[in-house]
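# Structural description and commentary
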Amino acid sequence: MTLLKTAAAALAMLPFTAFAQTAEDEIVVTASGFAQPRSETGQAIDIVDRDRLDQLQSATIAEALKTVPGVSIATRGGLGSQSSAFIRGGSSAQTLVLIDGVRINDLSSPNGAFDFGALMTGNIGRVEILRGPNSVIWGSQAIGGVVNVQSIAPVAGLEARMGAEYGSYDTQRVNANIAGSSGVLEGSVGGSFVTSDGISALAGGTERDGYDNLTGNARLKVNIHDGFSLDFRSYYNRATVAYDTAFGVGANGLPVSRNRQFVGYVGANFDLLDGRLQNRIAYARTDIKRIGTDPVVFSFNNFNVRGAIDRAEYHAAFDLNDALTLVAGAEYERSFASTSFEGAAPDIARNHLGSGFSQMILRPLTGLTLTAGVRHDIYDDYGGQTTFGGNAAFTPNDGRTIFRATYGEGFRAPTLTEGQPPYGNTDLKPETARNFDLGVEHQFLGDNVQIFATYFNRRSNDLIAFSSVTGQSENIDKVTSKGLEAGLNLTPIENFHIQASYTLVDAINRTAGANVGKKQTLRPQHNASLTADWQTPFGLSVGSSIYWVGDSFDDVANNVRLNGYALFGLRASMPVTDALELYSRIDNLLNADYTVVAGYNSFGRNATMGVRAKF
């Protein structure tokens, strides 16, 4: 059976579990854009599934990502506040984010970084995290890594999920989702709502910055014929977040941002040549709108901005034989941004992009997979960019031990704000990066012990930064990021699971000048997480988490030091019936006083209790 047939069959039956799962059983899509066994890619990929999200009781995707090696999170205030993800020391703008396979990075923001603050876990079914560059498949921004967030997928039969919880700061959450299949139709639809009084975003404030979030998700697949289907996906998020800023009156200011995100996808999947040639043609749209209001005029918190991406693509994967698979694609993208501050006429920017890529997946002998690819992008403003990448995976024992090696290139094209008038620099070049990593993972004592370690080294050039000399963005920064990721999954006794991870990152400024050799801002050199969960014989599940972050800096000169901290949490859940479960958690149990971003608040001890059902 060919690679793609095997992967498709496995994906259809998928019940991803956090433990007791061999590497070859995990199916990933971020490596090649098509489903393939994780054991056949040399790239470092982690999966956080729905069971793991429920186990951790994570309220936001950002919270769940804290347990993933190589990832650090910086949040500016309470729930819903701006949250940035840094992968392997890369900037937040170098993390590409997909929702149901559609890129959603914010074109209306200056650097195009995605804000994880609005991304709740209510109806999310799976998160796949690729660490390291993969611009061959995904194009711009895939330098630090790729985060693919997937809503709950259709299932066989009919399944309904719902939940409600209440917690500190008058935080309330409700969510519901129904998924199923009947005849030629497979579908999933759901929604969630979150509201919270919150905390003051800036330290020292006495007023609370509240948050509201309404999210909807829908997926429909129509299996018209064997080997031919139509695929429809949509995601909608509307959020209102009160925040503080140094502009205006500071910690007790009253600015509010009303944000809307929409993702739509329409695609057709068809197989040819007895299923050996898989084809996908699709159109996707991403639309982001943000409106800010502030009683203080000229604080630059009064704004109306919008970004939109229209994207058409054709991707194909062809199994020439059992040993060779070819992957290729062509893409066209049209982007638009409109920015207006303090009632001024909007600044409009547009760009067009044409791309093509090809990748070869070769399996010359049992257990060995070699992958190599190339991509070329042509921007109408910035010209062309060619990207190469390759990796190898070898397992001598059917997935119990896997050796991985990767060479990957990544790039980030200038955003519309950075590269077009009135504020941009039309002479900007894309940021580029070259990365290699070496890794090994091993399972022993059955599946009761899993260990892994990965060394990575990335050199980034032509990084875009604001120049005080020219008054605009310039390609002036160079950075080296290298380090180690290590982890352990342990099941010492039945129903008792331990997961631990540690990351060492040295993200160093190589730019000539006063700050050469300084550490990158908000990138702690060390961070680690430890979770332990036990299901008792009478059904009660109890768990704890420790999240430790080392010292970091919040300025390029490394004068503003942020002390490291450790957060300890407890959680428990108890089934009432086969379908109904009660749960509760306490975060920051020891009420640690800590700072993630200089000048911004963080949560003290807080508690939550809730109920969830699955029918």
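See the structure above.
Residues numbered from 1 in each chain as written. Predicted model: local features only at pLDDT ≥ 70, side-chain atom pairs only at ≥ 80, totals over all residues. Heavy atoms only, no water.

Here we come to the side chain of Asp-54. Mapped onto the secondary structure, Asp-54 falls in helix 2 (residues 50–56). Here Asp-54 falls in the buried class, since its relative accessible area comes to 17%. The residues touching Asp-54, leaving out its near neighbours within four places in the chain, are Arg-161 and Arg-612. (Helix = DSSP H or I, 4+ residues; strand = E, 2+ residues; numbered from the N terminus. Buried < 20%, exposed > 50% of the residue type's maximum accessible area, 1.4 Å probe, protein only. Contact = heavy atoms within 4.5 Å.)

Here the focus is the pairing of strand 8 (residues 124–131). Of all eight residues in strand 8, eight are buried; the element is thus mostly enclosed. Here six bridges tie strand 3 (residues 44–49) to strand 8, and the two strands are oriented antiparallel to one another. Following the sheet pairing, Asp-46 is matched in strand 8 by Ile-129. Strand direction decides the pairing type here: strand 8 and strand 9 (residues 145–151), joined by seven bridges, are antiparallel. Within strand 9, the position partnered with Glu-128 by the bridge is Asn-148. (Pairing = 2+ DSSP bridges.)

On to unusual backbone geometry, then. Residues other than glycine predominantly adopt negative phi, and peptide bonds predominantly adopt the trans conformation. Phi is positive for Tyr-169, close to 65°, though the residue is something other than glycine. Among the structural elements, Tyr-169 can be located in the loop between strand 10 (158–167) and strand 11 (171–182). Positive phi values are uncommon outside glycine, yet Asp-462 reaches one of about 55°. Structurally, Asp-462 is set in strand 24 (residues 449–467). In this structure Asp-462 comes out as partly exposed when scored by relative accessible area, which is 22%.

What follows concerns the sheet that holds strand 7 (residues 102–103). Strands sit in the order 3-8-9-6-7 across an open sheet of five strands; the sheet is mixed. Across the chains shown, the open sheet's two edge strands, defined by having one partner strand only, are strand 3 and strand 7. Looking at chain direction, strand 6 (residues 95–99) and strand 7 are connected through two bridges and run antiparallel. Bridge assignment links Leu-98 to a residue of strand 7, and that residue is Arg-103.

What follows concerns the pairing of strand 26 (residues 496–509). In terms of strand pairing, strand 25 (residues 472–493) meets strand 26 through 13 bridges, oriented antiparallel. Its bridge partner lying in strand 26, Ser-481 is registered against Ala-507. Adjacent in sequence and paired antiparallel, strand 25 and strand 26 are bridged by two residues, among which Asn-495 carries a positive phi angle near 70°. Relative to strand 27 (residues 526–535), strand 26 runs antiparallel, the two being bridged by nine bridges. Following the sheet pairing, His-497 is matched in strand 27 by Asp-533.

On the surface, Phe-388, Tyr-407, Phe-436, Leu-438, Tyr-455 and Leu-484 cluster together into a nonpolar patch covering about 540 Å² of accessible area. If you trace the backbone, Tyr-407 turns up in strand 22 (residues 401–412). (Patch = residues over 30% accessible without salt bridge, like charges linked within 9 Å, V, L, I, M, F, W, Y side chains within 5 Å. Areas by Shrake-Rupley, 256 points an atom, 1.4 Å probe, with all protein chains shown as cover. Salt bridge = Lys/Arg side-chain N within 4 Å of Asp/Glu carboxyl O.)

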